[in-house]
Amino acid sequence: MPEEPAVAASKEAVVRVRGLHYGFGSRKIFDGVDLEAARGRVTAVMGPSGTGKTTLLRLITGQVAPAAGSVEVFGREVTTLDTAGVYSLRRRMGMLFQNGALLTDLSVFENVAFPVRAHARLPERVLRQLVLTKLHAVGLRGAAELMPSELSGGMARRVALARAIVMDPDLLIYDEPFVGLDPVSMGVIVRLIRDLNDALGITSIVVSHDVRELASIAHHSYLLSGGKVVAHGTPAELDASPLPIVRQFMSGESDGPVPFHYPAGDYHADLLGDGKERPRS
Amino acid sequence: MIGDTLSRIGRVGIFLVRVLRHAGVVFTEPRAVVHQIYNAGARSLVIIMLCGLFVGMVLGLQGYDLLQRFGSEDALGVAAALGLLKELGPVVTALLFAGRAGTSLTSEIGLMRATDQLTAMEIMAVDPLRKVVAPRLIGGIIAMPLLVAVFNVIGLFGAQLIGVQVMGVDTGAFWSQMQGAVELDDVNEGIVKSFCFGVACSLVAVYEGYHAQPTAAGVGLATTRTVVISSVLTLLIDYILTAAFLGR
Ligand SMILES: Nc1ncnc2c1ncn2[C@@H]1O[C@H](COP(=O)(O)OP(=O)(O)O)[C@@H](O)[C@H]1O
Ligand SMILES: [Mg+2]
C-alpha cells in the first residue's frame with residue numbers, strides 16, 4: 001500500500017474531487033466538478049434540489065463510479081478500489097442520511113451499537129459505555145431503549161448522528177441534515193455538527209440548501225448548479241459575490257438564473273389544448 | 001421476451017451465488033438465522049396447519065368417493081399419504097409460503113431499501129447481502145421442509161378423520177396399507193420437492209425485495225411479483241420434478 005499519498009493528504013485535503021463527470025443515461029449530472037474538503041474543516045456543498053448533491057456523496061463514498069474524473073478520499077483513488085478497498089475506506093467515514101436511515105427492527109441502543117458489533121469484538125460492558133457516551137453526546141442517553149418508530153424526526157437524526165460517530169470516523173458526511181426539522185432541533189443539529197468538528201477534529205462535508213444555517217458552521221462553501229461548481233469560498237465571500245446565480249441562491253429569490261419553472265411548452269397553448277400534442281421528451 | 005426471461009434468470013442466478021457466498025452466517029450468526037426460521041416458519045404455522053387439515057379432509061372425502069366405486073376404499077390411507085407426500089404437501093405449502101412469508105420478506109427488504117437502511121449498512125462497511133439477505137434466504141430454505149412436514153402430518157390426520165371416523169373405513173386397513181405401500185422413494189420425492197420450492201420461493205422473495213424500486217409503489221409491485229412468480233415457478237418446478245421422478 002502506498003504511504004506517500006496518505007502523508008501528503010494529512011496536510012491538506014481529505015477529499016479531493018477532480019474533473020468529475022457523471023450522468024444517468026444521456027442526462028448529465030456533473031460536467032467537470034472540482035472540489036476539496038480540507039482536514040478538520042466543515043465544507044459545505046450547496047445547490048438547488050436535483051443538482052446532484054446526493055449523487056456527489058454517492059460518488060465520494062464509492063457507491064457509484066464516475067464516468068470520468070478522479071475522486072480521492074484519504075489519499076486513495078476511490079474509482080480504482082475494489083469492494084474490499086472501498087469497505088476499508090468506509091470504516092473511516094460516517095454518514096448521516098436525510099431521513100436517518102435507522103434500522104427499524106433494532107432499538108436506539110442497538111442501532112448505535114450496530115457498526116461496533118459488526119467490526120469489533122468488544123466486551124458487552126465496554127460496548128455499553130461506548131454507546132451510552134455517544135448517545136449522551138447527542139443528548140439522547142435516556143432514549144436508548146426506544147424503538148426508531150417512537151422517535152421524532154429530529155431525535156431520529158440525532159440517533160443516526162450518534163451511530164455515525166460511534167466508530168470515531170475521520171470524515172463525517174451529512175446529507176441535508178436540516179431538512180424538515182423544527183427550529184429547536186435544527187439549532188441542536190447545527191451546534192452538534194460544529195462541536196463534533198471542533199472537539200474531535202473530524203473533517204465534515206455538509207450538503208444542504210439551507211444557506212443561513214450553513215453560513216454559521218461552514219469554513220468553506222461550494223455552490224453547485226448545472227453540473228458545475230459555479231462559486232466557492234467562505235460564507236462571507238459568497239455573500240459578497242456579484243454573480244447573479246450566487247445572489248439568487250444566497251437571498252432565496254424564486255426566479256433568476258435558476259429558473260422557477262421546469263422547462264415546458266407554451267403555457268397558453270398547453271391550457272387550451274386537449275393535452276394530446278403535449279411534447280414528450 | 002425469451003431473451004428477457006433468460007437474462008433475468010441469469011441475474012437471479014448470480015444474485016443467488018453472491019448471497020450463498022455468505023452461507024457462513026449459519027455458523028457465525030446462528031441466532032440471526034434461527035430468528036429468520038422463526039419469522040418465515042413459526043409465523044406461517046397456523047395457516048399451514050389450518051390448510052393442511054382442510055386439504056386432508058377433502059382428500060378423505062374425494063378419495064373415499066373415488067375408491068368406493070372400485071370397492072377398494074381400504075386403500076384410502078395409501079391414496080391420501082401418496083397424494084400429500086408427493087404433491088399436495090409440498091405444492092400447497094409452497095403456495096401458502098409465497099403468500100405469507102414470501103410477501104413479508106419482500107416488503108421488509110424493499111422497505112429497508114426505500115428508507116436507505118441498506119445503503120446505510122453499506123456505508124457502515126456492512127454488506128447487506130450478508131447481514132440482511134443471507135439469513136432470510138437460508139431461514140426460508142430451512143423453514144419450508146419443516147412446514148411441509150407439519151402440513152403432511154395434519155393432512156393425514158384430516159384424511160383419517162373423514163375417511164375412518166366419518167365414512168367408516170377400517171382403521172387397521174387405513175394405516176397398514178399405507179405402511180405397506182408407501183416407499184422411501186415417495187418420501188424422498190416430497191423432500192426434494194419441498195427443498196427446491198424452499199429455494200425458489202425464498203430466493204424470489206429476497207431478490208424482488210432487494211431490487212425493488214425504492215418507493216411505496218415499487219415495494220407494492222415487488223410484493224405482487226413475489227406471489228405471482230413464486231406460484232408459477234412452484235408449479236413449473238413441480239412438473240419437472242414429477243416427470244424426473246416418474247422417469248427413473
Ligand atoms: N437512479 C436514478 N436514475 C435516474 N436519475 C436519477 C437517479 N437518481 C437521481 N437522479 C436524478 O439526478 C438528479 C440529482 O439527484 P440528487 O443527487 O438526488 O439531487 P439532490 O440531492 O441535489 O437533490 C435529480 O434530478 C434526479 O432526478
Ligand atoms: Mg438529495
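Fair warning: this is a prediction, and the values are worked out from it, not measured in the lab.

## Looking at the overall build of chain A
Helix and strand counts for chain A come out as eleven helices and ten strands. For a compact globule of 281 residues, the expected C-alpha radius of gyration is about 19 Å, and chain A comes in at 21 Å, within 12% of that figure. Considered along the principal axes of its C-alpha atoms, chain A spans approximately 70 × 50 × 40 Å. For chain A, the residues scored as buried account for 47% of the 281 residues in total. Across chain A, contacts joining residues at least 24 apart in sequence account for 63% of those joining residues at least 6 apart. For chain A, the exposed surface amounts to about 14100 Å²; the carbon and sulfur share of it is 54%.

## Details of the packing of aromatic side chains
Residue and element names in this part refer to chain B. Following the criterion strictly, the structure yields four aromatic pairs over all chains and no others. Ring centres 5.3 Å apart and planes at 85° place the aromatic pair F15 and Y207 in the edge-to-face group. Of this pair, F15 sits in helix α1 (residues 2-20) while Y207 is found in helix α9 (residues 184-210), placing the two residues 192 residues apart along the sequence. Of the two residues examined, F15 and Y207, each falls in the buried class. Measuring from ring centre to ring centre gives 5.0 Å for F174 and W175, while their planes differ by 80°; the resulting arrangement is edge-to-face.

## What about the packing of helix α4 (residues 45-69) of chain B against helix α5 (residues 76-114) of chain B?
Residues and elements named next belong to chain B. Running from N to C, α4 and α5 point in directions that differ by 145°, and their axes come no closer than 10 Å. The way α4 lies across α5 gives a crossing that is right-handed. The residues of α5 that touch α4, namely those facing I47, I48, C51, V55, L59, G60, G63, Y64 and L67, are L76, A79, A80, L84, L88, T93, L96 and R100. Tallied by class, the residues present in the contact of α4 with α5 amount to 13 nonpolar, three polar and one charged.

## Observations concerning the pairing of strand β8 (residues 203-208) of chain A
Residue and element names in this part refer to chain A. Among the six residues of β8, six are classified as buried, and the element is accordingly described as predominantly covered. Taking every second residue as pointing to the same face, both faces of β8 are buried, with T203, I205 and V207 on one and S204, V206 and S208 on the other. Here strand β7 (residues 171-175) pairs with β8 via five bridges, running parallel. For I173, the partnering residue across the bridge sits in β8 and is I205. Handedness of the β7-helix α7 (residues 183-200)-β8 crossover: right-handed.

## With respect to the sheet that holds strand β5 (residues 76-77) of chain A
Residue and element names in this part refer to chain A. With antiparallel pairing, four strands are arranged side by side in an open sheet as β2-β1-β4-β5. Looking at the sheet topology across the chains shown, the edges are occupied by β2 (27-38) and β5. Relative to strand β4 (residues 68-73), strand β1 (residues 13-24) runs antiparallel, the two being bridged by five bridges. The residue bridging H21 from the neighbouring strand is A68, located in β4. Where helix α2 (residues 53-60) meets the sheet, it contacts β1, β2 and β4, and its direction lies at approximately 120° from that of β1.

## Comments concerning the site of ligand 1
Residue and element names in this part refer to chain A. Surveying the vicinity of ligand 1 reveals the residues F24, R27, I29, S49, G50, T51, G52, K53, T54 and T55. Interatomic distance of 2.8 Å between a side-chain N/O atom of R27 and an oxygen atom of ligand 1. One of the side-chain N or O atoms of T55 is found 2.5 Å from an oxygen atom in ligand 1. Notes on ligand 1: free accessible area 560 Å², of which the protein chains cover 58%. Only β2 and α2 provide two or more residues apiece to the shell around ligand 1. The biggest single contributor to the shell around ligand 1 is α2, with three residues. Class assignment of the residues belonging to the shell around ligand 1 gives a composition of two nonpolar, six polar and two charged.

The rules behind the values
- Residue positions within a chain follow its written sequence, with the count starting from 1.
- Starting at A for chains and at 1 for ligands, labels are handed out in the order in which the entities are written.
- With the structure being a predicted model, the display of local features is reserved for residues of pLDDT at least 70 and the display and counting of side-chain atom pairs for 80 or more, all residues being used for whole-chain, interface and lining totals.
- Only hydrogens and water are set aside; all other atoms, that is, all heavy atoms of the structure, feed into the side-chain values.
- Strands here are runs of E lasting at least two residues and helices are runs of H or I lasting at least four, both read from the DSSP assignment and numbered beginning at the N terminus.
- The globule rule used for comparison is 2.2 Å times the number of residues to the exponent 0.38, while the radius of gyration itself is calculated over C-alpha atoms.
- Three labels apply to residues, based on accessible area from a 1.4 Å probe with only protein chains included: buried if under 20% of the type maximum, exposed if over 50%, partly exposed otherwise in between.
- Between two residues, a contact is recorded if the distance between any of their heavy atoms is within 4.5 Å.
- The Shrake-Rupley method, run with a 1.4 Å probe sphere, supplies the accessible areas, and residue values consider only the shown protein chains as cover.
- Centre distance within 6.5 Å is the pairing criterion for rings of Phe, Tyr and Trp, where only the six-membered ring of Trp is used; planes under 30 degrees apart are then read as stacked, over 60 as edge-to-face, and the remainder as tilted.
- All axes here are fitted lines through C-alpha atoms, helices being fitted over the stretch that makes contact, and every angle between N-to-C directions spans 0 to 180 degrees.
- We call a crossing left-handed when the near helix sits turned anticlockwise from the far one by less than a right angle, and right-handed when that turn is clockwise.
- For this classification, the nonpolar set comprises Ala, Val, Leu, Ile, Met, Phe, Trp, Tyr, Cys and Pro, the charged set comprises Asp, Glu, Lys and Arg, and every other residue, Gly included, is treated as polar.
- By definition, two strands form a pair when at least two bridges between them are found by DSSP.
- Here, the term right-handed applies to a crossover whose path from the first strand over the helix to the second runs clockwise when the strands point away from the viewer.
- Note on terminology: near, applied to a residue and a molecule or strand, indicates that one of the residue's heavy atoms is within 4 Å of it.
- For this analysis, a polar contact is any N or O atom pair within 3.5 Å, provided that within protein one partner can donate a hydrogen and the other can accept it, and provided that sequence-adjacent residues contribute only side-chain to side-chain pairs.

Read these as geometric descriptors, not functional statements.
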